[in-house]
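# Coordinate analysis (summary)
Spelled out from the first residue to the last, the chains are:
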Amino acid sequence: MIVSLLILSSLMRLSVCDELDYDTESYNLTIRMPDAVSEKPDSLLCHAVRIDPRESYIVSYIPHATADVAHHMMVFGCGEIANNEEPYWACSENYKNPETLVCEGGQKQVVFAWALDAPSFQFPKGVGLRVGGTTGINYIIIQLHYKEKFSIGRSDNSGVTLQMTRTRQPKQAGFYVIGTSGYIPPKHLAFPMETACEYANDYPIYPIGYRTHSHNLGVVTSGYRIRGGRWIEVGRMSPQLPETFYNVTNLVEVKPGDVLAARCTMNSMKRDGDTYIGPTNSDEMCNFYVLYYTYWQPNLEAQFCFRDAQTFHWNDYFENIPRTASSLVGIPGAEKVMEMFDMNPGLPEEVEHVQETM
C-alpha cells in the first residue's frame, strides 16, 4: 500500500495531462501547469511530463495560454529533469544551482515556443518532430515566464496540447536558433544586433517557418540565407506582434557552406541606460528561430548560432546587405508597432552601426 501511494505521488508530481491514450497510433498529450503560483515578477516556472518511451512525432501544437498571464512559454525535451520532487519548480537556469535547471545537466532540446497570444501551429503533411525512442527526449517540459507576481489566491494552468503520431514521418522537423549576446545602448532609434554562422552539417535543411523573439525594445527582426554573396530573406517580422511560427518568406535550401544570418533592430529611445540580453522582462533578447525539415533520418538536435552584438557586425564580413533588413514595410500590423514606439512611418534604411555608438 505504501509503495503504491509513493508511485501515485510521483506520477502526480510529474504529470498534469489529459486526452492521453498511448495505445492508439495518433494521440494528444496535453500538458498544463498544476495551479502554478508566480511569487515574484519575471518568474520562470517549469512542469514536466514523462512521455511514452516509443518513438513518436509531434505534428501540431495547440497553446493554452494568454499574454495577460504569461510573457512567453517554451516547450523543451529532456533526457532527465532537474527537479522531480515538486509539481513545478523555479527554473531560472542558474547553473550554480542544479535545481534551477530545466534538464538535468543542462542539456535541453527545443520542442516549441509561444508568446503574445500566438495561435496553434501545424506542420505540413509528412513532417514531424521526433521524440521518445532513441532521441534522448524522455520528458516534455513546459517553461512559463510570468510577467507579474500573482495576487493571493491566484494560480495558473497554462500549457500546450501536442498532437502526436507513432507513424514515422518521411521528413523530420528541427530547429536552428540564431541570436545575440550583448547590450543595447540608450536613446537609439534603430540599434542593430547582428549574428551569422556558416551552416556546417552534412545534410541540407529546408526552412518552413520562422519565429522572432524580443522583449520591449525589439522593432523588427529579419533572417536570411546567404550563398555566393546573394541574400535571400527567410523571414522578417516584428516581435511585438504574435510570436507564432510564420511561413517563410521564400522557400530555400540550406546546404553546407551557406550562411544563416539574422538582425534584431532595437528602439531604446525610452531607456536611460544600457539594456543587456537577459531573461527578465526589463532585459532584452534577440532570437530568430528557424523551423525546418530534412530528409535526414538520424536523430536531430537543436542547433544554435549566437554572436556578441558589440563585436560582430555584418559590414565586417558581408556585402550586398539588404536595405529592408530593418524595415517594417510589408509587415501586417506595422502601424501598431510604429505607434508603440512613437515612430514615423518606416525606419531609416541605413541603421546605426554599433561601432559608431561605442
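Below is a short write-up of the structure. (Residues numbered from 1 in each chain as written. Predicted model: local features only at pLDDT ≥ 70, side-chain atom pairs only at ≥ 80, totals over all residues. Heavy atoms only, no water.)

### Focus: unusual backbone geometry
Located in the positive-phi region is N320, a residue other than glycine, with phi close to 60°. Within the secondary structure layout, N320 lies in the loop between β22 (303-308) and α2 (334-340). Backbone geometry places D342, a non-glycine residue, at a positive phi of 55°. Note on placement: D342 falls in the segment after α2. (Helix = DSSP H or I, 4+ residues; strand = E, 2+ residues; numbered from the N terminus.)

### Details of the packing of aromatic side chains
Throughout the structure, instances matching the rule amount to 23 aromatic pairs. Between F175 and F245 the ring centres are 5.7 Å apart and the planes differ by 50°, which places this aromatic pair in the tilted class. You can see F175 sitting in strand β12 (residues 171-181) and its partner F245 sitting in the loop between β17 (230-237) and β18 (246-247), a full 70 residues away along the chain. For the residue pair F175 and F245, the accessibility class agrees, reading buried in each case. Ring centres of W231 and F318 lie 5.6 Å apart, and the angle between their planes is 85°; on these two criteria the pair is classed as edge-to-face. Highlighted residues: W231 in strand β17 and F318 in the loop between β22 and α2, separated in sequence by 87 residues. Taken as a pair, W231 and F318 share a single burial class, namely buried. Through successive ring pairs, a cluster of aromatic residues spans Y61, F112, F121, F123, F175, F245 and Y289. The residue whose ring lies beneath K108 is F76, and the NZ or CZ to ring-centre distance is 5.2 Å. Above the face of the F150 ring, R154 is positioned so that its terminal group lies 4.4 Å from the ring centre. (Phe/Tyr/Trp six-rings, centres within 6.5 Å; stacked < 30°, edge-to-face > 60°. Buried < 20%, exposed > 50% of the residue type's maximum accessible area, 1.4 Å probe, protein only. Lys NZ or Arg CZ within 6 Å of the ring centre and 35° of its normal.)

### A look at the nonpolar core
Within the largest apolar cluster, 56 residues are counted, with the highest numbers of intra-cluster contacts made by Y61, F123 and L162. Leave out the neighbours within four places in its chain, and L162 touches Y27, N28, L29, I31, I58, S60, Y61 and I140. Counting 30 residues, the second-largest nonpolar core is a separate cluster that includes Y210, V252, I331 and A334. (Core = buried A, V, L, I, M, F, W, Y, C linked by side-chain atoms within 4.5 Å. Contact = heavy atoms within 4.5 Å.)

### Looking at the sheet that holds strand β6 (residues 89-90)
One open sheet holds the 5 strands; their spatial order is β6-β3-β10-β5-β7, and the pairing between them is antiparallel. Across the chains shown, the open sheet's two edge strands, defined by having one partner strand only, are β6 and β7 (109-115). In the sheet, strand β3 (residues 43-50) pairs with strand β10 (residues 139-146) via 8 bridges, with the strands oriented antiparallel. The residue of β10 that forms the bridge with V49 is I140. (Pairing = 2+ DSSP bridges.)

### Section: the state of the cysteines
All told, the structure shown has 4 disulfides when counted by the stated rule. The disulfide that involves C46 links it to C91, with 2.1 Å between the sulfurs. On the sign convention where negative is left-handed, the bridge of C46 and C91, at about 90° about the S-S bond, is right-handed. With C46 in strand β3 and C91 in the loop between β6 and β7, this residue pair connects regions lying 45 residues apart in the sequence. Of the two residues, C46 and C91, both sit in the buried class. In this model, C264 is linked to C286 through a disulfide, with the two sulfur atoms separated by 2.0 Å. Since a negative S-S torsion denotes a left-handed disulfide, the C264-C286 link at about 90° is right-handed. (Disulfide = S-S within 2.5 Å.)

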